[in-house]
Amino acid sequence: MARSFNSTVLQMWRKPREVSILADLSRLMAAAAHEIIEHQESSRFFSWMQLEAPTRFPEFFDQAGDGQARRAMATSLGLALWNATPLPDHGYRPAPLAPAEGQDPCPCQSAEPYVACCGRFAAFPGLETEQMWLYVVEELSDEQLWQVGRAGVLPPVELEGASRRLLDGGSPRRALRLLAPLFSDPSKLTAEHEPLLGPLLQAFAAIESGMPGTALKRLSSTLRPPLSGALELRHATFLADAEQWEEAWSCFARAQREDPRRQALPAVEAFLLLTEGHPSRAALRARFWLAQRRRAEPTHGSAIGVFLQQVSADPQATRAAYVHTGAPRPCQDFLAAMLRLD
Ligand SMILES: [Zn+2]
């Protein structure tokens, strides 16, 4: 009893502190990305870490303790940041430095041997290049973003994170510069690129004020199945959120035709029918899909199956539970949730 009380108190005490350290680290990573990309020079960056970082991020460096420990923290954190940061002059790949050892001069530029200086303290664990990319994309020029996209430097997962970061920061045009080169040659695209369709549609929609139009039509005529179906399914939810039901349903039909095996299709169809205000048709379609699924795969209990059962049993209650009128983009959000279960 006493122990669980103590551990609860401990958690309450630790949590805000950990959160604020993470926020500080995130600000420090952004500032380091700025510094590194601007000069692309390691010794200059290490001086910056020693002179600037502890005063700009006291909340973070105060954790370290006294002067020498802070110095060591600036050194090892600087090394982790530098080693993870992709450099434009290095083909957008990091140029990692070997860690100092023993009698090497200490990288903090104290003129002491490493072992007697920063080497006395524990090293900061390495950072992932994937994490640094999120900050680096914000520092690159439009031309550099285009180069990164064209050179195919970033794997799809990282490209998705980086383009979402630009979108969230209110730069849809810059997100498009990163994504467009890849989509200019659809023959190179595979199923792995599907997660990029979401940010791509969002960028189109932001630029063409509200609804993806011309650029999307061009893309949809060149993509091949199953990617073309995946694009149509996303477009259908965009249109549904704008209550353009006729267009939404024709996109949905194309999605069904071009990627019929997609697990999320039945749930999205039922959700769109509920949202449009056709509960009995939604229940009918859910029953149809459930019967199909029983034939195809006798296992029950998946989240999509449970949703379809709810729609079939009580569409009105399901509508009340799932369809939140007033949410900015309920159909897109529902699809995103279904795709995570797919
Ligand atoms: Zn040192």
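Being a predicted model, the structure only gives us computed values, none of them experimental.

1. Comments concerning the packing of helix 14 (residues 265-276) against helix 18 (residues 330-341)
Packing of helix 14 against helix 18 brings their axes to within 10 Å, and their N-to-C directions diverge by 160°. Considering the angle they form, helix 14 stands roughly antiparallel to helix 18. Viewed along their axes, helix 14 and helix 18 form a crossing whose handedness is right-handed. For the pair helix 14 and helix 18, contact is made by Ala 267, Val 268, Phe 271, Leu 272 and Thr 275 and by Pro 330, Cys 331, Phe 334, Leu 335 and Met 338, respectively.

2. Focus: the confidence of the model for the protein chain
Within the protein chain, residue pLDDT values average 86, and 91% of them lie at 70 or more. Low pLDDT, under 50, characterises residues 1-14; the stretch is placed with zero contacts to residues that sit more than four places away or in other chains.

3. Concerning unusual backbone geometry
The amide bond that connects Pro 225 to the next residue, Pro 226, takes the cis arrangement and shows omega of 0°. Turning to its location among the elements, Pro 226 is positioned in the loop between helix 11 (214-222) and helix 12 (227-241). Of note, the phi angle at Gln 109 is positive, near 70°, even though the residue is not glycine. Within the secondary structure layout, Gln 109 lies in the loop between helix 5 (67-84) and helix 6 (129-136). Using a count of 14 C-beta atoms within 10 Å as the deciding quantity, one classes Gln 109 as partly exposed. Of note in the backbone geometry, Ala 111 takes a positive phi value of approximately 75° without being a glycine. By secondary structure assignment, the location of Ala 111 is in the loop between helix 5 and helix 6.

Thresholds applied
Residues numbered from 1 in each chain as written. Predicted model: local features only at pLDDT ≥ 70, side-chain atom pairs only at ≥ 80, totals over all residues. Axes fitted to C-alpha atoms, helices over the stretch in contact; angles between N-to-C directions. Helix = DSSP H or I, 4+ residues; strand = E, 2+ residues; numbered from the N terminus. Parallel < 35°, antiparallel > 145°, perpendicular 65-115°, else oblique. Left-handed = near helix turned anticlockwise from the far one by under 90°. Contact = placed C-beta atoms within 7 Å. pLDDT = per-residue confidence, 0-100. Buried ≥ 20, exposed ≤ 12 C-beta atoms within 10 Å, placed from the backbone.

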